[in-house]
Amino acid sequence: AWLIPGTGNSPLTNITVDYATGSDTNFTMPFTTQLVVLQRNVTNLSPFTAYRFRVTLHNAVGAGAPGISLQFMTCAAAPSAAREVTVRTASASSLSVTWLPPATPNGQLLMYQVVRFPSLSPGEMTSSVVTSESLMVTGLDVYTQYSFTVRAFSADSCNGDQPLPGPVTSPATGRTGEQIPLGPPRNVTTTSNEDGSL
């Protein structure tokens, strides 16, 4: 929104508003508003991005000096999906899960939700929340296949940093390792053969 100063003894013809991102000195995409309108909604901006706006008045003589640019930050939005989820065998009872952060976080990344389920029993889910791009999962069954999904959350900068959930990744699968026998053989017996062998 803005106020109208002196018109230079010539009636105003139009008002233009343009903007730039961050520290960019090139103001682009100007648009014209009606003279009776002293504010303008700007849409289709990128989330969590600093913009600088300025207003210029025009009359029959030409354009006046642009007003002082004012900077505003748009609100955060939900992030894109985490990338390249990988599951590696760490031991007979543990798996290492790693991933890359979203290509477009659309704000400050807050956390990740990692959901684990046995590949053959997808209804048995276990969820973990972490702030890094890795998770070591322990206490698993020996030589068992598990699947994992990852979901990124960004902080809602306009709503008390409430979590904004991104999309869930496709499942990534891994199998725990094999294990040596748990103990020696039991109930060992011998039988004598007629040829004297056992």
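Rules of the game
Residues numbered from 1 in each chain as written. Predicted model: local features only at pLDDT ≥ 70, side-chain atom pairs only at ≥ 80, totals over all residues. Heavy atoms only, no water. Pairing = 2+ DSSP bridges. Helix = DSSP H or I, 4+ residues; strand = E, 2+ residues; numbered from the N terminus. Axes fitted to C-alpha atoms, helices over the stretch in contact; angles between N-to-C directions. Phe/Tyr/Trp six-rings, centres within 6.5 Å; stacked < 30°, edge-to-face > 60°. Buried < 20%, exposed > 50% of the residue type's maximum accessible area, 1.4 Å probe, protein only.

A. Highlighting the sheet that holds strand 6 (residues 83-91). The antiparallel open sheet is built from three strands, whose spatial order is 6-7-10. The outermost strands of the open sheet, each flanked by one partner alone, are strand 6 and strand 10 (134-137). Strand-to-strand twist of the sheet, defined as the mean angle between neighbouring strand axes without regard to direction, takes the value 15°. The pairing of strand 7 (residues 94-100) with strand 10 spans four bridges and is classified as antiparallel. Across the sheet, S96 pairs through a bridge with M136, a residue of strand 10.

B. View of the packing of aromatic side chains. Under the definition given, this model contains five aromatic pairs. Measuring from centroid to centroid gives 5.6 Å for Y19 and Y51, while their planes differ by 75°, and the two rings are edge-to-face. Here Y51 lies in strand 3 (residues 50-59) and Y19 lies in strand 1 (residues 12-21), a separation of 32 residues in the sequence. The two residues Y19 and Y51 agree in class, both being buried. Consider the rings of Y19 and F53, whose centres lie 5.3 Å apart with planes at 45°: the pair is tilted. Taken as a pair, Y19 in strand 1 and F53 in strand 3 lie far apart in primary sequence, 34 residues in all. For the pair formed by Y19 and F53, the shared burial category is buried. What links up through ring pairs into an aromatic cluster is the set Y19, Y51, F53 and F72.

Structural measurements only, silent on function.
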